[in-house]
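Structure assessment
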Amino acid sequence: MTTLQDFIVLMWLVPVAGLIFVPLLWSLFRLFYTRLEQSRLADIRGYVTADAPGPEKRRLERIRLEEGRAYVDEENGCYEAAVEDISKDGICLKEINGNVNPESDQLRVLFRTRRRDYILLARPSWKKLTDKGYAIGAAIQGAPSEWNTLVEGTIRRVNSAPA
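Described below are features of the structure shown in this document. Worth saying up front: this structure is predicted, and the values here are computed from it rather than measured.

**Side note on the packing of aromatic side chains**
Under the defined criterion, the tally for this structure stands at four aromatic pairs. Measuring from ring centre to ring centre gives 5.7 Å for Trp-26 and Phe-29, while their planes differ by 40°; the resulting arrangement is tilted. With a gap of three residues between them, Trp-26 and Phe-29 both fall in helix α1 (residues 3-40), about one helical turn apart. Note on Trp-26: relative accessible area 57%, which makes it exposed.

Put into structure tokens, the structure is as follows:
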């Protein structure tokens, strides 16, 4: 083969590598990263509280979470938060480090579990500044139908677990 023929063969291999090998490597990297990210997420573990003590009366049972994490998107930015408790209609977020707008009336919350991500639209009911950042209690206005299934299944599982 001459150098011109070698050059032509190499020119044909560049698109093949670009269209086949690069997407294949990218897919493998994405699969590895997804598995790694899922291994970092905690399963929903906690306990159910009904009828909170004191003046606070709730209609629905709350699931207090031990290691729940979420991302909060609001007017001033996106922040990571610890999830204290959840119910069908509400979520309590704490340890939000960032410049949270106290006047904001709409939040988008990404609640992550090992099996699935849930995107919730919520309206803050209260906001409080603590020594570890903001704490926010929010009423869920828009949630996927799987959210109710998650909450009901968790309540059933926690209630049926031996004490």
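Once you've had a look at it, read on.
**Some points on the pattern of salt bridges**
In this structure the tally under the stated criterion is seven salt bridges. Residues Glu-152 and Lys-88 are paired through a salt bridge, measuring 2.6 Å at the closest nitrogen-oxygen approach. Residue Glu-152 is found in helix α2 (residues 145-160), and its partner Lys-88 is found in the loop between β3 (77-86) and β4 (90-96); the two are separated by 64 residues along the sequence. Take Glu-152: its relative accessible area is 32%, and that puts it in the partly exposed class. Residues Arg-112 and Asp-117 are paired through a salt bridge, measuring 3.1 Å at the closest nitrogen-oxygen approach. Bridged by salt links that share partners, the residues Arg-62, Arg-64, Glu-84 and Asp-85 form one connected network.

**Thoughts on the nonpolar core**
The tendency in soluble globular proteins is for nonpolar side chains to be buried side by side. The biggest cluster of nonpolar side chains holds 26 residues, and the ones touching the most others in it are Val-83, Ile-86, Ile-91, Leu-93, Ile-96, Phe-111 and Trp-147. Listed by contribution, the elements that provide at least two residues to this core are β2 (62-74), β3, β4, β5 (107-112), β6 (117-130), β7 (133-142) and α2. Contact partners of Ile-96, with chain neighbours within four places excluded, come to Val-72, Tyr-79, Glu-80, Ala-81, Lys-132, Gly-133, Tyr-134 and Ile-136.

**Concerning α2**
With 16 residues, α2 should cover 22 Å at 1.5 Å per step; its first-to-last C-alpha distance of 23 Å lies within 8% of that length. Burial in α2 covers these residues: Trp-147, Leu-150, Val-151, Thr-154 and Ile-155. What you see down the axis of α2 is that its buried residues fit within an arc of 125°, all on one side. Within α2, the exposed residues directed more than 90 degrees away from the buried face are Ser-145, Thr-149, Arg-156 and Ser-160.

**Thoughts on a nonpolar patch on the surface**
Taken together, the side chains of Val-9, Leu-10, Leu-13, Val-16, Leu-19, Ile-20, Phe-21, Leu-24, Leu-25 and Leu-28 present a nonpolar region at the surface, about 990 Å² in accessible area. Within the secondary structure, Leu-19 sits in helix α1. Judged by relative accessible area, Leu-19 falls into the exposed class, the value being 68%.

**Some words on the pairing of β3**
By the bridge criterion, nine bridges tie β2 to β3 in an arrangement that is antiparallel. The residue bridging Val-72 from the neighbouring strand is Tyr-79, located in β3. Connecting β2 to the antiparallel partner β3 that follows it, the hairpin turn spans two residues. Relative to β4, β3 runs antiparallel, the two sharing four bridges. From the neighbouring strand, Asp-85 faces β4, where its bridge partner is Cys-92. Joining the antiparallel neighbours β3 and β4 is a turn of three residues.

**Some words on the environment of Asp-117**
Relative to the helices and strands, Asp-117 resides in strand β6. Along the sequence, Asp-117 and Ala-70 sit 47 residues apart, while their C-alpha atoms lie 9.5 Å from each other. For Asp-117, the residues in contact, after removing those within four places along its chain, are Leu-110, Phe-111 and Arg-112. At a separation of 3.1 Å, a polar atom in the side chain of Asp-117 contacts the side chain of Arg-112.

Calculation notes
Residues numbered from 1 in each chain as written. Predicted model: local features only at pLDDT ≥ 70, side-chain atom pairs only at ≥ 80, totals over all residues. Heavy atoms only, no water. Phe/Tyr/Trp six-rings, centres within 6.5 Å; stacked < 30°, edge-to-face > 60°. Helix = DSSP H or I, 4+ residues; strand = E, 2+ residues; numbered from the N terminus. Buried < 20%, exposed > 50% of the residue type's maximum accessible area, 1.4 Å probe, protein only. Salt bridge = Lys/Arg side-chain N within 4 Å of Asp/Glu carboxyl O. Core = buried A, V, L, I, M, F, W, Y, C linked by side-chain atoms within 4.5 Å. Contact = heavy atoms within 4.5 Å. Expected span 1.5 Å × (residues − 1). Arc of directions from axis to C-beta. Patch = residues over 30% accessible without salt bridge, like charges linked within 9 Å, V, L, I, M, F, W, Y side chains within 5 Å. Areas by Shrake-Rupley, 256 points an atom, 1.4 Å probe, with all protein chains shown as cover. Pairing = 2+ DSSP bridges. Polar contact = N/O pair within 3.5 Å; in protein donor to acceptor, adjacent residues only side chain to side chain.

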